[in-house]
Amino acid sequence: MLTESTREIGNGKAHAQGDAYLRIDSLWKAFGEFIALKDISMRISEGEFVCFLGPSGCGKTTLLRAIAGLDIQTRGTVEQAGKDISNLPPAERDFGIVFQSYALFPNLTIEKNISFGLENAGLSKSAINARVTELLDLVGLPDQGKKYPAQLSGGQQQRIALARAIAMSPGLLLLDEPLSALDAKVRVHLRHEVKDLQRKLGVTTIMVTHDQEEALSMADRIVVMNHGVIEQIGSPTDIYREPATLFVADFIGEMNKLPAVSGEAKTVTIGRKAFKSAGGEIPPGKEVIAAVRPEDIIPHGDVVTEPMEEPDNSITCRITEMEFLGSFWRCRLKCEALGEHELIADFSINAVRRLELAAEKELVIEIPSNRLKVFARPAGE
Amino acid sequence: MSVTTSDNLPKGRPLTLKLGRDDLMMRGFILVIALYLIITLAFPLYAMLSKAFSTFQFDLSQVELQVSDQDGNFDGTILSAEALNAQLGAIPEDEMATSNDGRLSLTPLFPDFSFRSPVLYKIRGTTADTVYLIGSDRITGTDWHELDSNTFRRVVLRPVQSVGLSNFTTYFSTPSLFRSIENSLFISTVSTIVTVSLAFAFAYALSRSCMRFKGLFRLVAMAPILVPSLLPGIALVYLFGNQGMLKEVMMGESIYGPYGIMLGSIFFTFPHAFIIITTALAISDARLYEAAISLRASAWKTFWTVTIPGARYGLISAAFVVFNLVITDFGLPKVIGGQYNMLAVDIYKQVIGQQNFEMGAVVSVVLLMPAFVAFAVDRQVQKKQVALLSARSVVFEPKPDRKFDRICFIYCTLIAIFILGILGVCQFAALVKFWPYDLSLSLKNYNFDVMDGGGWEAYGNSIKLGLLTAFFGTIVVFIGAYMVDKTRSFRVGRGLFQFLAMLPMAIPGMVLGLAYIFFFNDPDNPLNAIYGTMAILVIVTITHFYTVSHLTAVTALKQMDGEFESVAASLKQPFYKLFARVTVPVCMPAILDIAIYLFVNAMTTVSAVVFLYSTDTALASIAVLNMDDAGDIAPAAAMGMMIFYTNAAARILHLAVSKGILKRTQAWRSR
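Residues numbered from 1 in each chain as written. Chains lettered and ligands numbered in written order. Predicted model: local features only at pLDDT ≥ 70, side-chain atom pairs only at ≥ 80, totals over all residues. Heavy atoms only, no water.

An unreviewed UniProt entry lists chain B under the name 2-aminoethylphosphonate ABC transporter permease subunit, with Sneathiella sedimenti given as the organism. For chain B, the Sequence similarities (unreviewed entry) comment in UniProt is given as "Belongs to the binding-protein-dependent transport system permease family." (UniProt positions renumbered as here; feature names shortened; annotations may be inferred.)

You'll find chain A entered in an unreviewed UniProt entry as 2-aminoethylphosphonate ABC transporter ATP-binding protein, with Sneathiella sedimenti given as the organism.

Written out as structure tokens, the structure reads:
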């Protein structure tokens, strides 16, 4: 993983190693005996939007706080814009931060909140006022300056917190679960706003989240973390389509995980049936996990009418249960040849109608070999 | 996962944060306030403990003597004083033990000594460190001094100091002293059981019934907090004393003694128990009661299976607080205890009455034990109750029940009559010319300037003490709490500070006051200058009431978003700007609460200041004590009621100011 995590994958742009805006090298964090972060290294380019994604307790917030200097790391270095900031206190670093709780000063008006950092930066009163007005416009709340935070809705408060964080044009914007305290609808709406704002300002941004949808829709690059280590760094599509580890495959999106045995030439045997797979570096004869996403399973009806791309990777199943989820059907499939393991497949409404799928009906499904991933089986499973 | 990632932290030193200006300033503040607490708390306590364990003894082996014949000729025989005494038994062994300022004359060693005889004496020390006195001259060293009989009469030995338990041995072999332990435990236990039961019923009636005048009852229940603990003692004297209005009720028993102390203790500890139990009852979950009803549990069963378990931490906490208050209280048993000895009064008697400071220190150590246990248990319980509080629960709303409401109302009325009766009797006594012979009203008892105790000046001093304590105390406490809560890392310093801030609660006022004598009255202490001034009274009062104020401040600070400091740092703003612009305004209600708490307690406290006031700094609460002591009971009652009215006025002012400030500075609270 180390090679992967130190690799530079900069937003499509080809960055030389020295170009990275933020460099983290061999960073460790220990709380007493507990190791919260293990040997974290990464590069973040200027203007990039990076998400730290992982379950709670994976160390993502710890890493953010180390970058901010709020809780410094036990070992390792952090460099920002070519300057080693590893042990600087937060006040001597260059960042703006937004917390889940907004942390707006409750007794100061919105204007005063935003201008809190501007007041002794050598600006004139009118310059400060102009900047505050500009920022309020930027976050779409031009008339709210005289109100107190408690008079605004959660989403509005979060936008004010954002305005305050970018008021001094910091080089780095840190967002610690900024949207998790909001209603589902407001959250989706704010995702776009935050992303737009970030693009407009071009500020390098790190956002911590446990919400995979949020990460997939907002980030240029996602850092998936678990148990204090980086599992994978990559673009949202990379992470989704080419998960590097079983953890990533399982954590992001739905995934069928089937115990299997690896075979020669990228084949894998699930139950009694051998499939061609996307392969990997696993030698033949190993206990593995074969994984395929529900939406990658292609349905064919009980009699195959359309030509199949990979007839070898098809199998006959019976639908045991169908669940309508709005834009698609989620089906549970029982396949004789696969043993007792059930498959979950998401079929489009179109396909269900066209193939007249229903519970207890038989059908043939095809699992595209390039969508069938094989991972080493973790100990104990 | 990767094989290149090792699971072990690489060897080497952990990265240390470069300290910013803010960090250094905040640490500086912590250290300054910690130093303040060390000087005003830790050092005095250490001085007291070392006093309790230091003993003084005459050591005859320190001197050697020669005696001449009738003509004044010495034959050169050197007599050891120790050997002489062993031979004669002139000075018995138990007279060798003494106190710091004990002095031993050597003439008993010479049975035929006469100050008129022409016999001459020579004396010298056996070591260079020996010290003895000839008259008032301090002599050291091993040189011979020749003296005539008349001068030899004035030679005295000074005691030698050593460390040991002998003070405690003396204490426990003096029945009149260690009986107090039994008395104190007995009185405290009984008072605790009665007070907690009464307060529980009162709080239960207020929170579980729909009776009328709840606000008024709540107000009355809090009144005893505004008066010194010795005031109920005075009222009880008027009610049940030798010339009492209701003397017959006592059926021949005397109010001076355990009955008086217990009754008075119930009065002055009632509000403390009431507050704690009310909080405990307020957090109980209505859903549990709904469940009990749906299970058809009887009201009686519900009470024992839902109400009592839910309030158990509150009850335990209240019990220990009351126990602690009673066992450490000094004013009440002093006024109404008669011959019934209590530990806190023993300290006073040993120190003020007999000037036996060592024994006072020993009693203090004994008194520290139950106080410490009560304190430790209370802290544990408080922690558990916090956990209960954070649980999500539905607030209980009582439903009207005519019979139950009427019983509650009658009960609360009885308690209110008891409290108001005590206060009313004091006020009445203060206005009557000469109880019980001339019942016409007059203000002559308010002519404090003609009585012992310091007069109106004492009252002025008390207000001054209250204001100074409230002002400086609030600043020190709040800044201390802020720093300890917000400083990053610096675990050792913060831990030490927390410990010091919690300690005062476990130290009885008498013990603290005595400790201050030992520490600040020491001529070698550069801080000796503040002894006998208003400053030491302010300091001891702040220290005495530090813990509750500190906890109030910490609670308020904990309710603020923990990330304010992080945000301010990211905006490159110093912490003091955040502190002044955000923290203080947001915490203003708590700050005012601390101020009024300190003021009221400074007005009523007796125990810590009784050892430390001087004629220039006499206090109203002390004046009550001294006037009562001198037999001027009516003026004592009058002064006590002055304290009550002052505190009541301060409370009302506090309420008005709080509301005003809230309106002006806390507009943000309303939507």
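Once the structure has been displayed, the description carries forward.
Participant: Please clarify how the overall build of chain A should be interpreted in this entry.
Facilitator: Tallying secondary structure elements over chain A gives 10 helices and 20 strands in all. Its C-alpha atoms give chain A principal-axis dimensions of about 75 × 45 × 40 Å. When the 381 residues of chain A are sorted by exposure, 54% land in the buried category. Summarising the internal contacts of chain A: among those between residues at least 6 apart in sequence, 67% fall at separations of at least 24. Chain A carries 43 positive and 53 negative side-chain charges, and their two centres are separated by 3 Å. (Helix = DSSP H or I, 4+ residues; strand = E, 2+ residues; numbered from the N terminus. Buried < 20%, exposed > 50% of the residue type's maximum accessible area, 1.4 Å probe, protein only. Contact = heavy atoms within 4.5 Å. Lys, Arg positive; Asp, Glu negative; His and termini not counted. Charge placed at Lys NZ, Arg CZ, Asp CG, Glu CD.)

Participant: Would you explain the interface of chain A and chain B in this entry?
Facilitator: By a frequent convention, interface size equals the accessible area lost on bringing the separate parts together. At the junction of the two partners, chain A supplies 49 residues and chain B supplies 43 residues. When the two sides are added together, the surface that chain A and chain B hide from each other amounts to roughly 4,000 Å², 63% of it contributed by carbon and sulfur. Considering only the side of chain A, the residues that lose the most area to chain B are A:Arg75, A:Asn107 and A:Phe116, jointly responsible for 17% of the buried surface there. Applying the counting rule to chain A against chain B returns four salt bridges. (Buried area = accessible area lost by both parts, 1.4 Å probe. Salt bridge = Lys/Arg side-chain N within 4 Å of Asp/Glu carboxyl O.)

Participant: Is there a simple way to think about the state of the cysteines in this case?
Facilitator: Linking two cysteines covalently through their sulfur atoms gives a disulfide. All names here are of chain A. The tally for this structure, following the rule as stated, stands at one disulfide over all chains. Here Cys 317 is linked by a disulfide to Cys 335, with a sulfur-sulfur distance of 2.2 Å. One quick way to see it: the torsion about the S-S bond of Cys 317 and Cys 335 is about 80°, and its sign makes the bridge right-handed. Taken as a pair, Cys 317 in strand β16 (residues 314-324) and Cys 335 in the loop between β17 (328-334) and β18 (342-348) lie far apart in primary sequence, 18 residues in all. (Disulfide = S-S within 2.5 Å.)

Participant: Explain helix α20 (residues 546-558) of chain B here, please?
Facilitator: It helps to recall that an α-helix has 3.6 residues per turn; residues three or four apart then point in one direction. Residues and elements named next belong to chain B. The terminal C-alpha atoms of α20 lie 18 Å apart, and with 13 residues this matches the ideal 18 Å at 1.5 Å per residue to within 8%. Taken together, the buried positions of α20 are occupied by Tyr 546, Thr 547, Ser 549, His 550, Ala 553, Val 554, Ala 556 and Leu 557. Next to the buried residues of α20 lie α1 (21-52), α16 (455-486), α17 (491-502), α19 (534-544), α22 (575-586) and α23 (588-604). (Expected span 1.5 Å × (residues − 1).)

Participant: Hey, could you run me through the sheet that holds strand β11 (residues 256-262) of chain A in this one?
Facilitator: Backbone hydrogen bonds hold the strands of a sheet together, and the pairing may be parallel or antiparallel. Residue and element names in this part refer to chain A. In space, the five strands of this open sheet follow the order β13-β12-β11-β14-β20, with antiparallel pairing throughout. The open sheet has two edge strands with one neighbour each: β13 (273-276) and β20 (373-376). Averaged over all pairs of adjacent strands, the angle between their axes in this sheet comes to 45°, without regard to strand direction. (Pairing = 2+ DSSP bridges. Axes fitted to C-alpha atoms, helices over the stretch in contact; angles between N-to-C directions.)

Participant: Any chance you could explain a nonpolar patch on the surface here in plain terms?
Facilitator: Residues and elements named next belong to chain B. Taken together, the side chains of Met 25, Phe 29 and Tyr 576 make up a nonpolar region of the molecular surface, amounting to roughly 250 Å² of accessible area. Assignment of secondary structure puts Tyr 576 in helix α22. Take Tyr 576: its relative accessible area is 38%, and that puts it in the partly exposed class. (Patch = residues over 30% accessible without salt bridge, like charges linked within 9 Å, V, L, I, M, F, W, Y side chains within 5 Å. Areas by Shrake-Rupley, 256 points an atom, 1.4 Å probe, with all protein chains shown as cover.)

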